[in-house]
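Topology and contacts: notes
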Amino acid sequence: MKYIDLNHLIPQLAETGTWIGRCTVPAKKAYNGIAGPHVILARKGNVYDLSEYYTSTSELINSKRPVASLKALTELPKLGSLTEILKNSLYFNRNPKLPYFIAPNDIQAIKACGVTFIKSLLERVIEEKAKGDAHIANDIRQTIYDSLGKDLSKVVAGSPETEKLKKELQEKGLWSQYLEVGIGKDAEVFSKAQPLSAIGFGAEVGVLKSSKWNNPEPEIVLAVSSSGKIVGATLGNDVNLRDYEGRSALLLGEAKDQNGSCAIGPMFRLFDETFSLEDVKNCEVDFAMQGKDNFSTSGSNKMKEISRTPENLVNQVIGKNHQYPDGLVLFLGTMFAPTEDRNKKGLGFTHKKGDQVNISSPHLGTLINWVNTCDKIPKWEFGIGAFTNYVLQRNSKKTQAQS
């Protein structure tokens, strides 16, 4: 299960496109000899250090012409081959004396939109009606499908038709707070995780040991500048505790933000002549999961099925009413929520320790992670304070070298 064909994880091993991210770099290879997270550029099968020019991907994404600026950089320190660093990023294969990938975002806010796809919308309604009890979810699922059908994709969120549908569902006792944000005028927006807390390619994601009903949520993640401009995209896993949120929507924070519950990567692909927002809107995202118990599940979904456009979602998050000076990354909502029975008939899907989760797209590569409990994976210890000290040390070394 742990065999990975690294040659297919990044499209053409970054022969085309503008790819940026972050690597943890040991002191021996680090800029100014200060070990820590370095901004990198992947180009033609190799990984290059951008530390001389940028201290964070936030700084790069918020620059005036990031793609043009990167194209102008020709003499950059090489950290290693893309394949070597991808291999060293797998948690069970990691050598801390060599560079390895971490989440490409750093000090940006990590925001997410929920119930933007019909399947996840209906599953959220089921969670609510089941009150977090997986034992009765299957019966409720069938009742909802019998009443609503499985296709609300033609419903335009916030339209007059939606108001009519709302009244009909209220009469049937099936209206829900999730339908309100799924097809109403206002999208659901929440903070998925804290800046610098996301884990990256090859790491272990975390679920609470106390959770008995949880799942992965494969998503497209946008890179958004402080001005609200969408500049690129990557992949993400919005790990979710279904039993927690199902018991009460007020437990959203516990259901969404735990140690290792947010995976982003492998890198940002910036918009250039080879990749655009239209490609994001038309892309497909594939999901595959393999467990140590030989259970597997997979699915493929299309961004075309999203109920709101990426621009609409971004405009609901950032603008005159709410600013993000460092920019943000935005999860667009899950396209696929596994529901197959895993343990007993009627109990649906839940994670087990050691599950391998692959989220992939032809344009964005593959994000691979393994599942463990939150208390068993590495603690999150590198926060804003540590990042500030790290930057100060690098700059101090730079000043000393120049004097």
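As a starting point, this report considers the structure included with it. (Residues numbered from 1 in each chain as written. Predicted model: local features only at pLDDT ≥ 70, side-chain atom pairs only at ≥ 80, totals over all residues. Heavy atoms only, no water.)

1. A few points about the environment of Arg43
With respect to the helices and strands, Arg43 occurs in strand 2 (residues 36-43). For the pair formed by Arg43 and Glu15, sequence separation is 28 residues and the distance between their alpha carbons is 6.3 Å. At a separation of 3.0 Å, a polar atom in the side chain of Arg43 contacts the main-chain carbonyl oxygen of Leu70. In this structure the side chain of Arg43 is engaged in a polar contact, spanning 3.1 Å, whose partner is the backbone oxygen of Leu73. (Helix = DSSP H or I, 4+ residues; strand = E, 2+ residues; numbered from the N terminus. Polar contact = N/O pair within 3.5 Å; in protein donor to acceptor, adjacent residues only side chain to side chain.)

2. Here's the deal with a positive patch on the surface
A surface patch of positive charge is lined by Lys28, Lys29, Lys78 and Lys97. By relative accessible area, which is 68% here, Lys97 ends up exposed. (Patch = residues over 30% accessible without salt bridge, like charges linked within 9 Å, V, L, I, M, F, W, Y side chains within 5 Å. Areas by Shrake-Rupley, 256 points an atom, 1.4 Å probe, with all protein chains shown as cover. Salt bridge = Lys/Arg side-chain N within 4 Å of Asp/Glu carboxyl O. Lys, Arg positive; Asp, Glu negative; His and termini not counted. Charge placed at Lys NZ, Arg CZ, Asp CG, Glu CD. Buried < 20%, exposed > 50% of the residue type's maximum accessible area, 1.4 Å probe, protein only.)

3. Comments concerning the packing of aromatic side chains
Taken as a whole and assessed by the stated rule, the structure comprises 7 aromatic pairs. With 5.3 Å between their ring centres and 85 degrees between their planes, Tyr91 and Phe92 make a pair best called edge-to-face. Aromatic rings pair up to connect Tyr91, Phe92 and Trp370 into one cluster. We note Arg94 situated over the ring of Tyr100; from NZ or CZ to the ring centre the distance is 4.2 Å. Over the ring of Tyr244 we find Arg247; its NZ or CZ atom is 4.8 Å from the centre of that ring. (Phe/Tyr/Trp six-rings, centres within 6.5 Å; stacked < 30°, edge-to-face > 60°. Lys NZ or Arg CZ within 6 Å of the ring centre and 35° of its normal.)

4. Remarks on the nonpolar core
Counting residues in hydrophobic clusters, the biggest one holds 68 residues, and the most contacted among them are Phe101, Ile220, Leu222, Val280 and Met303. Per element, the largest residue contribution to this core is 4 residues, and it comes from strand 18 (residues 365-373). Among the nonpolar cores identified, the runner-up in size contains 28 residues, and Leu50, Ala103, Ala223 and Val231 belong to it. (Core = buried A, V, L, I, M, F, W, Y, C linked by side-chain atoms within 4.5 Å.)

5. What to know about helix 11 (residues 310-317)
For helix 11, the full list of buried residues reads Pro310, Leu313, Val314 and Val317. Across the axial projection of helix 11, the buried residues extend over an arc of 100 degrees, all falling on one side. Tucked inside the fold, the buried residues of helix 11 contact strand 6 (109-114), strand 7 (188-193), strand 10 (218-224), strand 11 (230-238), helix 10 (277-282) and strand 16 (328-331). (Arc of directions from axis to C-beta. Contact = heavy atoms within 4.5 Å.)

6. Topic: the state of the cysteines
Enumeration according to the criterion identifies 0 disulfides in this entry. There is no disulfide at Cys23, and the cysteine sulfur nearest it, in Cys262, is 18 Å away. Given a relative accessible area of 0%, Cys23 falls into the buried group. A disulfide-free cysteine, Cys113 has its sulfur positioned 14 Å from the sulfur of Cys262, the nearest such atom. (Disulfide = S-S within 2.5 Å.)

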